[in-house]
Amino acid sequence: YDDVAEPEGNVVRVVKDGRYGLVDATRGEIVPCRFDYITEFDENGFAEVWNNGFTGHVSIHGHVDLEENLLKNAEGRSYFEGGDVTPIQDLLEYDPESVIGYLLLGEWGYRNNHYAEAYQAYDMAFELAEEQGKQKLASSSKTRRNIAYDKAHGVEYESEPSFLGILSELVDKTMEIRSSIHEIKHGT
């Protein structure tokens, strides 16, 4: 580490390459050195963390609520058509190497018919997942990425029948069969 602060209980704030983290004397590094700044802990065992213009808290045990809150907000937006993309952008601004952030952005683009942005976000997620050894995290999105790429380049897919459409066809066929059975029984 480039710098080590005075211990606060068993926890020490450390700096490496200008980024702050936390080390516990018994457990080792509990918060990687990736924050712009971490304040001293208050009497309740919490410190503020600052990163890329965002502020949150970290407990003396290493739990960072900032990341959790940004992720919850981003996940809540990615699955709704027409939803605001800002929480996902905030997550990516906070952590530009977030595989989950790019997967959520890809999902948002896909659901909102922004196919070029969707496949580019998926590609970034796959690249980061490869670098970080998190390929399993991104593997389930490959089909959506390929569909988004095709749609962005004008490939049309036959629309899949909806559940109500299939149910309607089933009811129609059932009525036809019932009518035929009725005609057979009555000799008409």
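Residues numbered from 1 in each chain as written. Predicted model: local features only at pLDDT ≥ 70, side-chain atom pairs only at ≥ 80, totals over all residues. Heavy atoms only, no water.

Asker: I'd like a rundown of a nonpolar patch on the surface, residues and numbers included.
Answerer: A contiguous nonpolar surface patch, about 640 Å² in accessible area, is contributed by Phe163, Leu164, Leu167, Leu170, Val171 and Met175. Residue position: Leu164 is located in helix H7 (residues 163-185). (Patch = residues over 30% accessible without salt bridge, like charges linked within 9 Å, V, L, I, M, F, W, Y side chains within 5 Å. Areas by Shrake-Rupley, 256 points an atom, 1.4 Å probe, with all protein chains shown as cover. Salt bridge = Lys/Arg side-chain N within 4 Å of Asp/Glu carboxyl O. Helix = DSSP H or I, 4+ residues; strand = E, 2+ residues; numbered from the N terminus.)

Asker: Please provide a residue-by-residue account of the pairing of strand E2 (residues 11-16), values included.
Answerer: Most of E2 sits out of view: 5 of its 6 residues are buried. By the bridge criterion, 2 bridges tie strand E1 (residues 3-4) to E2 in an arrangement that is antiparallel. Across the sheet, the residue bridging to Val4 is Val14, located in E2. Linking E1 back to E2 in an antiparallel pair, the connection comprises 6 residues, with Gly9 at a positive phi of about 70°. In this antiparallel pair of consecutive strands, E2 and strand E3 (residues 19-24), the connection spans 2 residues, and Asp17 shows a positive phi of 55°. (Buried < 20%, exposed > 50% of the residue type's maximum accessible area, 1.4 Å probe, protein only. Pairing = 2+ DSSP bridges.)

Asker: Kindly report on the nonpolar core, identifying the contributing residues and their values.
Answerer: In terms of nonpolar packing, the biggest core is built from 39 residues, with Leu22, Phe35, Ile38, Val58 and Val64 touching the most fellow members. When residues of this core are assigned to their parent elements, the largest contribution, 9 residues, is made by helix H4 (residues 115-132). If we skip the residues at most four places from it in the chain, Ile38 touches Arg13, Tyr20, Gly21, Leu22, Ala47, Glu48, Val49 and Val58. (Core = buried A, V, L, I, M, F, W, Y, C linked by side-chain atoms within 4.5 Å. Contact = heavy atoms within 4.5 Å.)

Asker: Account for the sheet that holds E1, with residues named and values stated.
Answerer: In space, the 4 strands of this open sheet follow the order E1-E2-E3-E4, with antiparallel pairing throughout. The sheet terminates laterally at E1 and strand E4 (28-35), the two strands that pair on one side only. Relative to E4, E3 runs antiparallel, the two being bridged by 4 bridges. Bridge pairing in E4 links Leu22 to Val31.

Asker: How would you sum up the sheet that holds strand E6 (residues 46-51)? Please name residues and give values.
Answerer: The sheet built from 3 strands is open, its strands ordered E5-E6-E7 with antiparallel pairing. Both outer strands of the open sheet, strand E5 (37-38) and strand E7 (54-59), are each paired with one neighbouring strand and no more. Bridge count for E5 against E6 is 2 bridges, and the pairing is antiparallel. Note that in E6 the partner of Tyr37 across the bridge is Trp50.

Asker: Would you mind going over the packing of helix H3 (residues 99-111) against H4 in detail, with residue names and values included?
Answerer: Relative to each other, H3 and H4 sit at 160°, their axes nearing to 7 Å. One finds that H3 runs roughly antiparallel with respect to H4. As for how H3 packs across H4, the hand of that crossing is left-handed. Between H3, through Val99, Tyr102, Leu103, Leu105, Gly106, Glu107, Gly109 and Tyr110, and H4, the contact on the second element is made entirely by Tyr115, Ala118, Ala121, Tyr122, Met124, Ala125, Leu128, Ala129 and Gln132. In terms of residue class, the contact of H3 with H4 is built from 13 nonpolar, 3 polar and 1 charged. (Axes fitted to C-alpha atoms, helices over the stretch in contact; angles between N-to-C directions. Parallel < 35°, antiparallel > 145°, perpendicular 65-115°, else oblique. Left-handed = near helix turned anticlockwise from the far one by under 90°. Nonpolar A, V, L, I, M, F, W, Y, C, P; charged D, E, K, R; others polar.)

Asker: A description of the packing of H4 against helix H6 (residues 142-152) should follow, citing residues and the corresponding values.
Answerer: If you want to describe how two helices pack, look at the angle between their axes and the distance between the axes. Running from N to C, H4 and H6 point in directions that differ by 145°, and their axes come no closer than 8 Å. Seen along the crossing, H4 lies across H6 with a hand that is left-handed. On H6, the residues touching Tyr115, Ala116, Ala118, Tyr119, Tyr122, Asp123 and Phe126 of H4 are Lys142, Arg144, Arg145, Ala148, Tyr149, Lys151 and Ala152. A per-class count over the contact of H4 with H6 returns 9 nonpolar, no polar and 5 charged.

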